[in-house]
Amino acid sequence: SVKAGPPESAGWQGSRASRGPVSWLIVIAFIAFVASLPFEAALLLGGEGFFSISRLLGYVFFGLALLQPRMCFRKPPRALWWFALYLGLFVLTGLYQPSVYWAEIYETVFRLTQFLVLFWVSYNLFQYGRVTRWALWAFGSSCVVVAGLLTAGIGTSLYRSAVGRQTVFGQGPN
């Protein structure tokens, strides 16, 4: 269940490890990361698509989360183990694929591992009602901004697979 109320009453600063500005930095980094997700295709650095603001914010968030393991890496939810089982089965079946596909399989395993860790940390942060509300508002607001950009025709292009369908930042519309 989600704990509502001020973070102090929910154990936000209850232990010595979670005191100080680092816990607030984690929350700010998490909210910034969540808010940047709808803009990932637009905020590319270097033009290659290898670095994006979302990716950099995610790495900063994860680095800060490592500094507060009691806050971010508490007991994982049961659903995480099913996701880990899926990841293990994906790796196991990937071993039997032709070597031509191994680079793509490696990328997918790396991405799924990132999702698994993000799920674990997010679950623990969502135990605090304020973080949940802030993350939802940040993500929702970002989606509204992207919809506004689409409506205004800023950063839009025609989607190549459907006639008359537009997309923002060249990203797939779905």
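Remember, predicted model here, so these are calculated numbers, not experimental data.

### Quick notes on the overall build of the protein
Secondary structure summary: the protein contains six helices and four strands in total. Ordered by position from N to C terminus, the α and β elements of the protein give α-β-β-α-α-α-α-α-β-β. Across the 174 residues of the protein, 28% fall into the buried class. In the protein, 61% of the contacts between residues at least 6 apart in sequence involve partners at least 24 apart. Of the roughly 11,300 Å² that the protein leaves accessible, carbon and sulfur atoms contribute 67%.

### Looking at the packing of aromatic side chains
For the structure on display, the rule yields seven aromatic pairs. Between the aromatic rings of Phe-62 and Phe-73, the centroid separation amounts to 6.3 Å while the plane-to-plane angle is 90°, which identifies the pairing as edge-to-face. One end of the pair, Phe-62, is in helix α2 (residues 53-67); the other, Phe-73, is in the loop between α3 (69-72) and α4 (78-94), with 11 residues separating them in the sequence. Ring geometry for Tyr-86 and Phe-90: centres 6.4 Å apart, planes at 35°, overall tilted. You can see Tyr-86 and its partner Phe-90 sitting in helix α4, four residues apart, about one turn around the helix. A relative accessible area of 46% places Tyr-86 in the partly exposed class. The class of Phe-90 is partly exposed, set by a relative accessible area of 23%. Each residue in the set Phe-30, Phe-33, Phe-61 and Phe-126 is aromatic and connected to the rest through ring pairs, giving one cluster.

### Some words on the confidence of the model for the protein
Of the residues in the protein, 76% have a pLDDT of 70 or more, and the chain-wide mean is 82. For the protein, per-element mean pLDDT is lowest for strand β1 (residues 44-45), which scores 64, and highest for α4, which scores 96. Per-residue pLDDT stays below 50 along residues 4-21; that stretch engages in 26 contacts with residues further than four places along the chain or on separate chains.

### Thoughts on the side chain of Ser-52
Assignment of secondary structure puts Ser-52 in strand β2 (residues 51-52). Polar side-chain contacts of Ser-52 include one of 3.1 Å to the backbone nitrogen of Arg-55.

### A few points about a nonpolar patch on the surface
Among the surface-exposed residues, Trp-82, Leu-85, Leu-89, Val-91, Leu-92, Leu-95 and Tyr-96 lie close enough to one another that they form a single nonpolar patch of about 810 Å² accessible area. Along the polypeptide, Leu-85 turns up in helix α4. Leu-85 sits in the partly exposed class, given a relative accessible area of 43%.

### Side note on α4
For α4, which comprises 17 residues, the first-to-last C-alpha distance of 25 Å matches the rise-based estimate of 24 Å (1.5 Å per residue) to within 8%. Within α4, the full set of buried residues consists of Leu-80, Leu-87 and Gly-94. Viewed end-on, α4 has its buried residues packed into an arc of 45°, placing them on one side of the element. Exposed and facing more than 90 degrees away from the buried side of α4 are Arg-78, Trp-81 and Trp-82. At its buried positions, α4 is contacted by α5 (102-125).

### Looking at the nonpolar core
Counting residues in hydrophobic clusters, the biggest one holds 18 residues, and the most contacted among them are Phe-30, Phe-61, Cys-72 and Leu-125. Sorting the residues of this core by element identifies α1 (21-36), α2, α3, α5 and α6 (129-152) as the ones contributing at least two each. Ranked by size, the runner-up nonpolar core spans six residues in total, among them Leu-80, Ile-105, Leu-112 and Leu-116.

### Examining the environment of Val-117
Following the sequence through the fold, Val-117 ends up in helix α5. In this structure the C-alpha to C-alpha distance between Val-117 and Phe-62, which are 55 residues apart in sequence, comes to 8.8 Å. Here Val-117 is in contact with Phe-62 and Phe-73, once residues within four sequence places are set aside.

Cut-offs used in this document
Residues numbered from 1 in each chain as written. Predicted model: local features only at pLDDT ≥ 70, side-chain atom pairs only at ≥ 80, totals over all residues. Heavy atoms only, no water. Helix = DSSP H or I, 4+ residues; strand = E, 2+ residues; numbered from the N terminus. Buried < 20%, exposed > 50% of the residue type's maximum accessible area, 1.4 Å probe, protein only. Contact = heavy atoms within 4.5 Å. Areas by Shrake-Rupley, 256 points an atom, 1.4 Å probe, with all protein chains shown as cover. Phe/Tyr/Trp six-rings, centres within 6.5 Å; stacked < 30°, edge-to-face > 60°. pLDDT = per-residue confidence, 0-100. Polar contact = N/O pair within 3.5 Å; in protein donor to acceptor, adjacent residues only side chain to side chain. Patch = residues over 30% accessible without salt bridge, like charges linked within 9 Å, V, L, I, M, F, W, Y side chains within 5 Å. Salt bridge = Lys/Arg side-chain N within 4 Å of Asp/Glu carboxyl O. Expected span 1.5 Å × (residues − 1). Arc of directions from axis to C-beta. Core = buried A, V, L, I, M, F, W, Y, C linked by side-chain atoms within 4.5 Å.

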